[in-house]
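# Examination of the molecular architecture
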Amino acid sequence: MKIIKRALLWLSIMLVLEFLINAAGAFIVSHVAAGEMARSLNGYSKRTNMILHPTVIDDTDGTAKSNGLSLLTIRALLSDGRLYNHTKFGYNFLFLNFTMEQSMVFFDKEGTTQVSSGIFNVAYDDKGASASYIKFPVGLIDVRELCAQSNAKELFSVLEKRQYSKIRLDEYSVDEDNIVRPKKMTFLDWDKNAIQSFEFQCEGEIVSGENIYVYDNVLVEDDLRNSSVSLYKKMKDVYDGKLKTDKAARDLMKKADFSNSEQRYDKTSYGFASVTSKHVETTDGNALSFALRFSYIKGVILYTIIFAVILTAILVPIWIHKDKKAANSYY
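On a predicted model such as this, the values are computed, not experimentally measured, just so you know.

## A short note on unusual backbone geometry
For phenylalanine 95, which is not glycine, the phi torsion reads 60 degrees and is therefore positive. Take phenylalanine 95: its relative accessible area is 3%, and that puts it in the buried class. Non-glycine residue lysine 192 carries a positive phi angle of around 65 degrees. When its relative accessible area of 52% is taken as the criterion, lysine 192 is described as exposed.

## Comments concerning the pattern of salt bridges
Pairs can form between side chains of opposite charge whenever their charged atoms are close. Within this structure, the stated rule accounts for 13 salt bridges. Across the pair lysine 127 and aspartate 125 runs a salt bridge, and its minimum N-O distance is 3.4 Å. In this structure, lysine 166 and aspartate 126 form a salt bridge, with 3.1 Å as the shortest nitrogen-oxygen distance. Residue lysine 166 is found in strand S5 (residues 166-174), and its partner aspartate 126 is found in the loop between strand S3 (120-125) and helix H4 (132-135); the two are separated by 40 residues along the sequence.

## Some points on the nonpolar core
Counting 39 residues, the largest nonpolar core has Leu140, Phe294 and Tyr296 as the members making the most contacts within it. Those elements that provide at least two residues to this core are helix H1 (2-41), helix H2 (48-52), helix H3 (70-77), strand S2 (98-108), S3, strand S6 (179-188), strand S12 (286-295) and helix H9 (297-330). Not counting residues up to four positions away in its chain, the partners in contact with phenylalanine 294 are Val29, Ala33, Ala34, Met37, Phe98, Thr99, Met100, Ala273, Ser274 and Val275. Counting 27 residues, the second largest nonpolar core, distinct from the first, contains Ile119, Ile141, Leu224 and Leu231.

## Thoughts on the packing of helix H6 (residues 152-161) against helix H7 (residues 231-239)
Two numbers describe how H6 lies on H7: the axes approach to 9 Å, and their chain directions differ by 135 degrees. Classified by the angle between their axes, H6 and H7 sit oblique to one another. Regarding H6 and H7, the two cross each other, and that crossing is left-handed. For the pair H6 and H7, the contacting residues are Ala152, Lys153, Leu155, Phe156, Leu159 and Glu160 in the first and Leu231, Tyr232, Met235, Lys236 and Tyr239 in the second. Of the residues that constitute the contact of H6 with H7, the class distribution is eight nonpolar, no polar and three charged.

## Thoughts on the pairing of strand S4 (residues 137-142)
Summarising burial for S4: five of the six residues are buried, a large majority. Taken together, the five bridges between S3 and S4 define a ladder with antiparallel strand orientation. Paired with phenylalanine 120 across the two strands is aspartate 142, which belongs to S4.

## Some remarks on H1
The terminal C-alpha atoms of H1 lie 56 Å apart, and with 40 residues this matches the ideal 58 Å at 1.5 Å per residue to within 8%. At serine 30, H1 is deflected by roughly 45 degrees, the largest bend along its length. Immediately beyond the C-terminal end of H1, within one or two residues, lies glycine 43, with a positive phi of roughly 100 degrees.

## Observations concerning the layout of surface pockets
Where empty space is left in the structure can be found by rolling a water-sized probe over the atoms. Approximately 220 Å³ is the volume found for the second largest pocket. Taken together, 18 residues form the lining of the second largest pocket, with Leu77, Ser79, Leu83, Gln102 and Ser228 sitting closest to its centre. Those elements that place two or more of their residues in the lining of the second largest pocket are H1, H3, strand S1 (81-85), S2 and H7.

Cut-off values and rules
- Here the residue index of a chain counts from 1 through its sequence in written order.
- In keeping with the predicted nature of the model, local features appear solely for residues at pLDDT of at least 70, side-chain atom pairs appear and are counted solely at 80 or more, and the whole-chain, interface and lining totals rest on all residues.
- Only hydrogens and water are set aside; all other atoms, that is, all heavy atoms of the structure, feed into the side-chain values.
- Using a 1.4 Å probe on the protein chains alone, a residue whose accessible area is under 20% of its type maximum counts as buried, one over 50% counts as exposed, and one in between counts as partly exposed.
- Just to be clear on terms, a salt bridge is a Lys or Arg side-chain nitrogen sitting within 4 Å of an Asp or Glu carboxyl oxygen.
- For helices the rule is a DSSP run of H or I covering at least 4 residues; for strands it is a run of E covering at least 2, with both sets numbered from the N terminus onward.
- The definition of a nonpolar core used throughout is a set of buried Ala, Val, Leu, Ile, Met, Phe, Trp, Tyr and Cys residues joined through side-chain atoms within 4.5 Å.
- Residues are treated as being in contact if the distance between any of their heavy atoms lies within 4.5 Å.
- A fitted line through C-alpha atoms serves as each axis, taken over the contacting stretch for helices, and the angle formed by two N-to-C directions is quoted from 0 to 180°.
- In what follows, roughly perpendicular refers to angles from 65 to 115 degrees, roughly parallel to angles under 35, roughly antiparallel to angles over 145, and oblique to any angle outside these ranges.
- By the definition used in this description, the sense in which the near helix is turned from the far one sets the handedness, with an anticlockwise turn below a right angle giving left-handed and a clockwise turn giving right-handed.
- Ten residue types, Ala, Val, Leu, Ile, Met, Phe, Trp, Tyr, Cys and Pro, are classed as nonpolar, four, Asp, Glu, Lys and Arg, as charged, and the remainder, Gly among them, as polar.
- Strands qualify as paired when DSSP identifies two bridges or more between them.
- Multiplying 1.5 Å by the helix residue count minus one yields the expected span of that helix.
- A residue's bend is given by the angle between axes fitted to the 7 residues ending at it and the 7 residues starting at it.
- For cavity detection a 1 Å grid was placed over the protein atoms alone, and a set of points counts as a cavity when a 1.4 Å probe fits there but cannot get out; an open set counts as a pocket when protein lies on both sides within 12 Å along at least five of seven lines, with lining residues being those that have an atom within 4 Å of a point.
- Grid points are joined across faces, edges and corners, and a volume is the space filled by probe spheres set on the points.

See below:
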């Protein structure tokens, strides 16, 4: 009975300490990381219409500086996914070794389109100009849809090895929402020689192109975990499972108020070793909602171990002393 009481005492104190550890982590992460990231995404509702319903610029004479689809590249950069701020061990003491999950929904009064939410990579027309992937996008590849292809795992394996220079899109289709569905994709070496090709199931009218590429400008030394353009990283996000922020971002759509020209709604929620920053905004009939979840479990585990050792080191000698004292008084 004495052992059970002491175990319950130890556990009760640890639960209080665990609460304080979690609260300290939440305070630091919400002020240092969550607040900054949320502010960096504010205001994109002004671009919603150009993302959902872009106007294509006629370039039949080849003189246009862009094709009007530039915001699709921004949409790809703002794809749902995970970011890993895993740096030096010492950052665990500040709870700043964390994993962030991000989900965003672009929508308007009429609702959503296929590019409203998801994980995307850009297909673009390389016209030889600088930043062709921004100036001349063809559309967005839905990475979740790509991962559903029967040979997607083989494609993922080739991307992981990173022994290629470019990914050419030989055949594809484009639908009304500017979603590109690959029919044939070829990996090229640094001399633009074909290394390996993949063919996929593809619906819609098939288009052939000579200079259409998947934007995957990743260097060998780059950290793929946090790349916003790596097809490998985005496929890995899909394979790693559903994001905890997906439902939160969708639920936030109900908070959008289109009765005023502008609206902002922010909320922060807290869980065990996590902080979730939620935001919805409307601007002239266009809207954006997003949820950012920060998990700082490494810092919580570190402090839990430290305080468990300290608490044990304090209580055990006290209990030993009490037991000896009780034994002496008995005799």
